Amino acid sequence: MKKQTKVAIIAGSILVVVGAAAVLYEKLLLSFAPQTMVVTEEAGSVSPAQSSTSQEGQEEGSTIQAPNVTILDAAGKEVQLHSLVGKPIILNFWASWCPPCKQEMPDFEAAYKEYGSEIQFMMVNMTDGGRETISSAKEYIASQGYSFPVYFDTKQEAAIEYGVSAIPTTYFINAQGNIIAYAAGAITAQHLEQGISMMQAN
């Protein structure tokens, strides 16, 4: 009888652990699940979201000024986002350990090669100094042969300022420094092109 009780307790414990692991796994999948762009300003049609899904507290058709943040460039020099205003800006938050980030990077590289003279690309690495370091990020970029500009958010200030809760996250900012659209999760080449068109139209 005691053996049966022990077996039941062990089996119950295993079920609890497996159940908890399943819930955690599901939450992680949701964090990295690809999502479509959300329009933050009346600027075009980005299916399936409409401008009514604008960020909370913003009236439809109103502009959202992109927060100014200071990050490091590849040479370790401080760069302010507002210093690049004058051209549209694609602001992407990523890490080398993030599979969806890696998935969308070839499309960003292709877009950079096509639009690099017209658009500022800010590929901002989430450099926490532990799981992700400047060295590990640079090694990954070099191993893939990417040529787009890479920046480093070593204090996580940019991520906090932009409310980044999952990566990748991408913001499309027009030449006037207003956020036109953003995407939480990996985006397709089609969505990237659509975001670029929206920036250029405003």
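These numbers come from a predicted model, not from an experiment.

## Topic: helix α5 (residues 189-201)
Step number 1: For α5, built from 13 residues, the straight-helix expectation of 18 Å at 1.5 Å per residue is met to within 8% by its first-to-last C-alpha distance of 18 Å.
Step number 2: Residues His 191, Leu 192, Gly 195, Ile 196, Met 198 and Met 199 constitute the buried set of α5. The arc enclosing the buried residues of α5, seen along the axis, measures out at 160°, which places them on a common side. Away from its buried face by more than 90 degrees, α5 exposes Gln 190 and Ala 201.

## Re the nonpolar core
Step number 1: Core analysis: the biggest nonpolar cluster contains 52 residues, and Phe 93 and Tyr 162 have the highest contact counts within it.
Step number 2: Not counting residues up to four positions away in its chain, the partners in contact with Phe 93 are Cys 101, Val 124, Met 126, Asp 153, Ala 158, Ala 159, Tyr 162, Val 164, Ile 167, Pro 168, Thr 169 and Tyr 171.

## Overview of the packing of aromatic side chains
Step number 1: If you walk through the whole model with that rule in mind, you get seven aromatic pairs.
Step number 2: Centroid distance Tyr 112 to Phe 121: 5.5 Å. Interplanar angle 80°. Geometry classified as edge-to-face.
Step number 3: With relative accessibility at 23%, the residue Tyr 112 sits in the partly exposed group.
Step number 4: Residue classification places Phe 121 among the buried residues on the basis of a relative accessible area of 2%.
Step number 5: A centroid spacing of 5.1 Å and a plane angle of 20° characterise the contact between Tyr 146 and Phe 148, whose relative ring orientation is stacked. Just as Tyr 146 is buried, Phe 148 falls in that class too.
Step number 6: Grouped by ring-pair contacts, the aromatic residues Phe 93, Tyr 162, Tyr 171 and Tyr 182 constitute a single cluster.

Parameters and conventions
- Residues numbered from 1 in each chain as written.
- Predicted model: local features only at pLDDT ≥ 70, side-chain atom pairs only at ≥ 80, totals over all residues.
- Heavy atoms only, no water.
- Helix = DSSP H or I, 4+ residues; strand = E, 2+ residues; numbered from the N terminus.
- Expected span 1.5 Å × (residues − 1).
- Buried < 20%, exposed > 50% of the residue type's maximum accessible area, 1.4 Å probe, protein only.
- Arc of directions from axis to C-beta.
- Core = buried A, V, L, I, M, F, W, Y, C linked by side-chain atoms within 4.5 Å.
- Contact = heavy atoms within 4.5 Å.
- Phe/Tyr/Trp six-rings, centres within 6.5 Å; stacked < 30°, edge-to-face > 60°.

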